[in-house]
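So you can see what is in the structure, the chains are spelled out below.
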Amino acid sequence: MSDFYSAWLERSKANEAKVADSPRVARSKDLKWVRTPQDYKAALMIAPELGFPTGGSCLMRAEIPVGWHSGRHLHGEEAIYVESGEGFMVLDDKRYDFFPGTILHVPYRATHQLFNTGKAPVGYLSGLAWHLEADVYMGKMEQLEECGENDPKVLAAFSKEESQNWPEDGRRISMHEKQFEKSDESKHGATYFLMGRSGKQNGFKSTGVAISSIFVDLAHTKSHSHAHPEAYLYALEGDGYSEIGGKRYDWNQGDAVHVPPGMMHHQHFNPYDKDMKELRFEFGVRYWLVDQWKGYTTVDKHLKATTHMVD
């Protein structure tokens, strides 16, 4: 019979093999849409259920039809990007309006619900650390109301938005596209800081999951080569490809790219005539690991001397 330590060694080998053989790109055209108690229409993009070896995190897309609302529930932290439509989120009985390009942060175990008050479906992206929270027995999820059609009387009862901040501790909950902060750094054509690295920028206090930034890569340019525990990128505009662990992975607008845990060097390329724009999700557990990981640098200085692609 194998001893427990031998089993640990085998688990380590199995983990490495799983990462090596796992998918890197979630194709928008291949999403499996389902109806859930929370969402009229939802699909996982990057998640362990789909074979992605994540650090306990996931990315999903969801849609709220015209005249509908999502369910009302509570769970761990959540970071939301509104891709289309307009309405408002009710978080702990306070209203936060959203429009295309708005980001929303849901604090740990804060009750929340989204309402579509516009004339088009609301499409949004959601980043969660649900799997990690569940595995450490801290991921209690409670469904308080299921998704359904809006009641005009209920909508009328909500007061207007008072603030973009949470009265509980003053942290920021929402940020609109016109409020995004452009950075002076030159690793991309442009970088817009949203919740920022580690989730603490622009008044946010995200710990578990954050929408850190938007990258704009100009036509015929590339990002710097770098390494860190895990990366999620969603292609908001344009097409491109990523090199991850020495292999090329092409992607298109609406796809999501997953750089798995393991400190793999990766780099993103735009070989086309149109600029590309990527939304970046990151998870707090990465910084806990980076502080302990030895023998790796997060940026390969030898490979970032130029961002212009040379044929």
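Residues numbered from 1 in each chain as written. Predicted model: local features only at pLDDT ≥ 70, side-chain atom pairs only at ≥ 80, totals over all residues. Heavy atoms only, no water.

**Examining the sheet that holds strand β2 (residues 41-46)**
Where we set the bar: Pairing between strands requires that DSSP locate at least two bridges from one strand to the other. Per the convention used, a helix needs a DSSP run of H or I reaching at least four residues, while a strand needs a run of E reaching at least two, with both numbered from the N terminus.
The sheet built from six strands is open, its strands ordered β2-β3-β11-β6-β9-β14 with antiparallel pairing. Each of the sheet's edge strands pairs with one partner strand only, and the pair in question is β2 and β14 (174-175).

**Topic: the confidence of the model for the chain**
In plain terms, the rule: Per residue, pLDDT captures the predictor's confidence, and it can take any value from 0 to 100. Here, residues are in contact when the closest pair of their heavy atoms is within 4.5 Å.
Per-chain confidence: the chain averages 91 in pLDDT, with 90% of residues scoring 70 or above. Counted against residues more than four places away or in other chains, residues 302-306, with its pLDDT under 50, gives five contacts.

**Some points on the sheet that holds strand β23 (residues 256-259)**
Ordered by their spatial adjacency, seven strands build an open sheet running β1-β23-β20-β25-β17-β16-β15, and the pairing between neighbours is antiparallel. A strand with exactly one partner marks an edge of an open sheet, and here the two such strands are β1 (25-26) and β15 (181-182). Relative to strand β25 (residues 276-283), strand β20 (residues 231-237) is paired through five bridges, and the arrangement is antiparallel. What sits directly across from alanine 235, in β25, is glutamate 278.

**A few points about the environment of glutamine 143**
Note the threshold: In the analysis that follows, any N or O atom pair within 3.5 Å is treated as a polar contact, provided that within protein one partner can donate a hydrogen and the other can accept it, and provided that, for residues neighboring in sequence, both atoms belong to side chains.
Here glutamine 143 shows up in strand β12 (residues 142-145). Here the alpha-carbon distance between glutamine 143 and histidine 75, two residues 68 residues apart in the chain, equals 9.0 Å. Among residues more than four places away in sequence, those in contact with glutamine 143 are Pro37, Gln38, Gly71, Arg72 and His73. Among the polar contacts listed, one links the side chain of glutamine 143 to the side chain of glutamine 38, at a separation of 2.8 Å.

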